[in-house]
Amino acid sequence: MNFDCTDEQRMLLDNLRRMMDATATPEYIRDHDENGHYPYEVYQAWVDMGLIGLPFPERYGGFGGNVIDMALVGEELGRKAYSFLEAYGLSVFSGLSLLNNASEEQQAAWLPRLIRGEIRMSISMTEPDAGSDAGNMRTLAARDGDHWVINGQKVFSTAADAENNVITLYCKTDLQAPYQKGITAFLVPNDTPGVTIRRLRTFGARMLGLNEVFFDNVRISDSQRIGATNGGWNCMLSGLLFERIVTSAGYVGNAQTVVDEALEYARERKQFGRPIGEFQAIAHLLADMQTRVDAARMLMLRAAAKVAKGESALREVTEAKLFGSETFAEVANQGMQILGGYSYMMEYDMQRHYRDARSTTIAAGSSQMLRNLIANTMGLKVR
Ligand SMILES: Cc1cc2nc3c(=O)[nH]c(=O)nc-3n(C[C@H](O)[C@H](O)[C@H](O)COP(=O)(O)OP(=O)(O)OC[C@H]3O[C@@H](n4cnc5c(N)ncnc54)[C@H](O)[C@@H]3O)c2cc1C
């Protein structure tokens with residue numbers, strides 16, 4: 001496998017790094033994290049440089065980028081903060097699910113607006129009693145002529161309350177259908193009458209924020225249904241491998257920043273008359289951290305390369321997500337140890353990396369569910 005960037009990819013990454021350095025300054029990130037403010041200015045800069053359009057066809061204003069391009073961009077975005085990858089990913093993954101499942105007419109109505117930055121997108125699947133067991137969701141969309149009426153509640157919906165946000169909402173449309181078969185995907189702008197959003201107080205992921213979303217007789221047109229009625233599970237699965245690769249790339253990017261910041265601190269911080277990085281205990285910790293991040297990057301790139309070639313890659317992608325998230329969480333924990341008491345201060349970014357990393361082994365497929373999946377690809381029947 002050749003992991004070298006093309007000239008075009010190198011140019012894109014250089015431009016992106018320059019843009020992120022100028023816009024997402026450390027002060028900007030600290031302020032937005034502490035105050036729970038969505039990074040609108042950074043998002044707009046992505047729109048301006050055409051980044052939202054990267055994986056979409058040219059006919060909608062996109063650039064036709066592939067999964068490798070997206071993985072490289074994902075790692076670069078994650079370097080500043082994993083939340084940036086998430087903000088980007090929510091819009092792009094939702095848009096790709098439109099591309100894979102919606103009619104031409106729906107694509108033409110929504111995708112150019114997404115790429116031009118007139119709307120952004122989030123995903124609402126999880127409910128209070130349906131987390132890992134998402135097929136158990138109970139939010140119901142009932143057909144009423146050319147419309148649907150939605151009632152129910154979602155929870156942990158990242159960035160659902162952002163301005164001009166359209167929620168990709170998964171609902172039950174047939175409560176009697178066998179498990180996972182009665183689910184349908186809809187597009188619901190977050191200012192639709194009957195939608196109420198309440199921000200949750202969270203340990204991390206504060207820049208985007210997690211929300212409860214309540215649906216009280218929310219009436220939407222059938223033109224907002226994506227894919228077949230009761231075909232929502234397939235709609236969700238259609239982009240899952242791609243999403244998990246780009247998400248894993250974001251973990252790698254943020255984990256690398258953890259190592260870089262811990263290394264810099266270990267070089268500068270002196271105790272007992274020498275930099276703490278000269279103590280073997282700290283040096284070996286850093287060596288192990290870098291090795292793990294490099295291994296996570298290789299797993300992610302291997303998965304991306306297989307998907308780019310159109311090969312089946314369920315196990316490789318799942319391993320990349322599992323190992324990438326656990327690596328991010330582990331190196332952030334070790335980074336806290338290396339920075340000692342200063343890691344605990346809000347002026348240092350390590351605490352934010354640690355808080356953000358902690359959610360990644362839970363969200364978008366927990367470590368336990370991913371291990372179940374990998375074991376299943378090995379021929380085991382894990383329940
Ligand atoms: C930061 C963050 C952002 C999120 N963003 C979104 C979002 O934008 N949209 C959205 O819809 N959801 C979102 N989620 C929800 C996320 O996808 C769920 O938290 C996740 O699916 C787990 O569900 P749960 O929290 O209900 O835990 P549960 O499913 O109740 O799991 C609790 C524990 O039991 C384990 N467990 C459950 N079932 C099994 C099993 N079969 N085998 C072994 N172990 C098992 C889990 O691994 C976990 O350790 C987000 C969550 C977080 C933390």
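### Regarding the site of the ligand
Line of reasoning, step 1. By nearness alone, 20 residues border the ligand, and Gly131, Ser132, Thr158, Ser366 and Gln368 come closest of all.
Line of reasoning, step 2. Only strand S1 (120-124), strand S3 (147-158) and helix H12 (367-377) provide two or more residues apiece to the shell around the ligand.
Line of reasoning, step 3. Of the residues in the shell around the ligand, the class split is 9 nonpolar, 11 polar and no charged.
Line of reasoning, step 4. Both domains that meet at the shell around the ligand, namely domain 2 (122-231) and domain 3 (239-377), each give it at least three residues.

### Side note on the packing of helix H1 (residues 7-23) against helix H4 (residues 67-80)
Line of reasoning, step 1. The N-to-C vectors of H1 and H4 enclose an angle of 20 degrees; their axes lie 10 Å apart at closest approach. Regarding the angle of H1 to H4, the classification is roughly parallel. Here H1 and H4 pass one another in a crossing that is right-handed. Between H1 and H4, the contacting residues are Gln9, Leu13, Leu16, Arg17 and Met20 on the first element and Asp69, Leu72, Val73, Glu76 and Lys80 on the second.
Line of reasoning, step 2. Here the residues of the contact of H1 with H4 are counted per class, giving 5 nonpolar, 1 polar and 4 charged.

### Considerations on the domain arrangement of the protein
Line of reasoning, step 1. Taken domain by domain, the protein comprises domain 1 (7-120), domain 2 (122-231) and domain 3 (239-377).
Line of reasoning, step 2. Its C-alpha centre places domain 1 at a distance of 22 Å from the equivalent point of domain 3.
Line of reasoning, step 3. Listed as interface residues are 22 residues of domain 1 and, on the opposing side, 23 residues of domain 3.
Line of reasoning, step 4. No other element matches the 10 residues that H4 contributes to the side of domain 1 that touches domain 3.

### Focus: the pairing of S1
Line of reasoning, step 1. Counted residue by residue, S1 has 5 buried out of 5 residues, so it is predominantly covered.
Line of reasoning, step 2. Residues of S1 alternate between two faces, with Arg120, Ser122 and Ser124 on one and Met121 and Ile123 on the opposite face, all of them buried.
Line of reasoning, step 3. Looking at chain direction, S1 and strand S4 (residues 165-172) are connected through 5 bridges and run parallel. Among the inter-strand pairings, methionine 121 is bridged to a residue of S4, identified as valine 166.

### Quick look at helix H3 (residues 40-48)
Line of reasoning, step 1. Taken residue by residue, H3 has Val42, Tyr43 and Trp46 as its buried positions. One side of H3 carries all its buried residues, which in axial view fall inside an arc of 100 degrees. Seen from the buried face of H3, the exposed residues on the opposite side, beyond 90 degrees, are Glu41, Gln44 and Asp48.
Line of reasoning, step 2. Looking at the buried side of H3, the elements it contacts are H1, helix H5 (82-101) and S1.
Line of reasoning, step 3. At the C-terminal side of H3, glycine 50 shows a positive phi close to 85 degrees.

### Quick look at helix H9 (residues 280-308)
Line of reasoning, step 1. Here H9 contains 29 residues, and its C-alpha end-to-end distance of 41 Å stays within 8% of the 42 Å for a straight helix at 1.5 Å per residue.
Line of reasoning, step 2. Downstream of H9 by one or two residues, glycine 310 has phi in the positive range, about 80 degrees.

Here is what the cut-offs are and how they apply
- Residues numbered from 1 in each chain as written.
- Predicted model: local features only at pLDDT ≥ 70, side-chain atom pairs only at ≥ 80, totals over all residues.
- Near = placed C-beta within 6 Å.
- Helix = DSSP H or I, 4+ residues; strand = E, 2+ residues; numbered from the N terminus.
- Nonpolar A, V, L, I, M, F, W, Y, C, P; charged D, E, K, R; others polar.
- Domains from an automatic or database assignment.
- Axes fitted to C-alpha atoms, helices over the stretch in contact; angles between N-to-C directions.
- Parallel < 35°, antiparallel > 145°, perpendicular 65-115°, else oblique.
- Left-handed = near helix turned anticlockwise from the far one by under 90°.
- Contact = placed C-beta atoms within 7 Å.
- Buried ≥ 20, exposed ≤ 12 C-beta atoms within 10 Å, placed from the backbone.
- Pairing = 2+ DSSP bridges.
- Arc of directions from axis to C-beta.
- Expected span 1.5 Å × (residues − 1).

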